[in-house]
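# Structural features, examined
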Amino acid sequence: MADQTHVLFVEDDDVIREATQLALERDGFAVTAMPDGLAGLEAFRANRPDIALLDVMVPGLDGVSLCRRIRDESTVPVIMLSARADSIDVVLGLEAGADDYVTKPFDGAVLVARIRAVLRRFGHAGGGLRADAGGADGNGGLLTFGELEVDTEGMEVRRAGRPVALTPTEMRLLLEFSSAPGTVLSRDRLLERVWDYGWGGDTRVVDVHVQRLRTKIGQDRIETVRGFGYKLKA
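Within every chain, residues take consecutive numbers counted from 1 along the sequence as written. Per-residue local features of the predicted model are confined to residues with pLDDT of at least 70, and side-chain atom pairs are confined, for both listing and counting, to 80 or more; whole-chain, interface and lining totals are unaffected and use all residues. To get the side-chain values, all heavy atoms of the structure are used, and hydrogens and water are removed first.

## With respect to the overall build of the protein
- The number of helices and strands found in the protein is 8 helices and 12 strands.
- For every residue, the accessible area (1.4 Å probe, protein chains only) is compared with the maximum for its type, and the residue is labelled buried under 20%, exposed over 50%, or partly exposed between those bounds. Counting every position in the protein, which comprises 234 residues, the buried fraction comes to 47%.
- Each accessible area is a Shrake-Rupley estimate made with a 1.4 Å probe; only the visible protein chains count as cover when residues are assessed. For the protein, the accessible area works out to roughly 10800 Å², and carbon and sulfur atoms hold 48% of it. Secondary structure elements follow DSSP: runs of H or I no shorter than four residues count as helices, runs of E no shorter than two count as strands, and numbering proceeds from the N terminus.

## Thoughts on the pattern of salt bridges
- The salt bridge definition used is simple: a Lys or Arg side-chain nitrogen within 4 Å of an Asp or Glu carboxyl oxygen. The full count for this structure, using the stated rule, is 15 salt bridges.
- Of the charged contacts in the structure, one is a salt bridge between E149 and R158, with a shortest N-O distance of 3.1 Å.
- A relative accessible area of 25% places E149 in the partly exposed class.
- What makes R158 partly exposed here is its relative accessible area of 22%.

## Comments concerning the environment of D14
- Locating D14 in the fold gives a position in helix α1 (residues 14-26).
- Given the relative accessible area of 44%, D14 is considered partly exposed.
- Separated by 21 residues in sequence, D14 and P35 place their C-alpha atoms 7.6 Å apart.
- Reaching out from D14, the side chain makes a polar contact with the side chain of R17 at a distance of 2.7 Å. For the purposes of these results, a polar contact is taken to be a pair of N or O atoms within 3.5 Å, where, inside protein, one atom must be able to donate a hydrogen and its partner to accept one; residues adjacent in sequence count only when each atom of the pair is a side-chain atom.

## Comments concerning α1
- A helix is expected to span 1.5 Å multiplied by its residue count minus one. Between its first and last C-alpha, α1 extends 18 Å over 13 residues, near the 18 Å set by a 1.5 Å rise per residue.
- Of the positions making up α1, those classed as buried are R17, T20, A23 and L24. Looking straight down α1, one finds its buried side chains confined to an arc of 140°; they lie on one side. Exposed positions of α1 whose direction lies more than 90 degrees from the buried face are V15 and R26.
- The distance from a side-chain oxygen at the start of α1 to the backbone nitrogen of V15 is 3.0 Å, and the residue carrying that oxygen is D13.
- Just beyond α1, the residue with positive phi is G28, at close to 100°. This arc corresponds to the set of directions leading from the helix axis out to the C-beta atoms.

Have a look at this one:
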């Protein structure tokens, strides 16, 4: 159906792929399931799904490389699946542009909850943040921090007058910092406000996204406050 959320699911294990597809379909999702990365890339380009669910270890084109290819073409949300919570693949996937990850084996209800959380974030990029945050030079929805300009109404960012391309998750992270410039924001707060986690989450998600954001808006713009979190320099 046209109003269904379309999930691209790439998983090489037949049992996991079929069981997860059925579980997602029971929850109302339309699912395109592929057994390898190359087929997943073709399906992504042909169907333009609303969200991509990628296993890290798939043949042909691994999940991390597939995520990079998708991110080169689209800002569609991506969730990586990893068999080990402490795997370097988790960080590699996030650095490649993934918005979140889920550790295998996973409970179907937990997976659906994480998918819905990501979709909520992407559907409400503004997140209720105010455009008149203190500490910045405001002009309507425009916030200025040195050479960095954040248009909270148009959802655009410029650095030294040049447009900066951010993913929706990176944009939400920057908006959260912009709402309280100079204030230290803990990783737990960022997980709750940006990733919509009502429970404890892996702070590596925050750390990697902060680093990705720094590469785009300036390494010195977001300061690390050891033992506490991060703050945006006003």
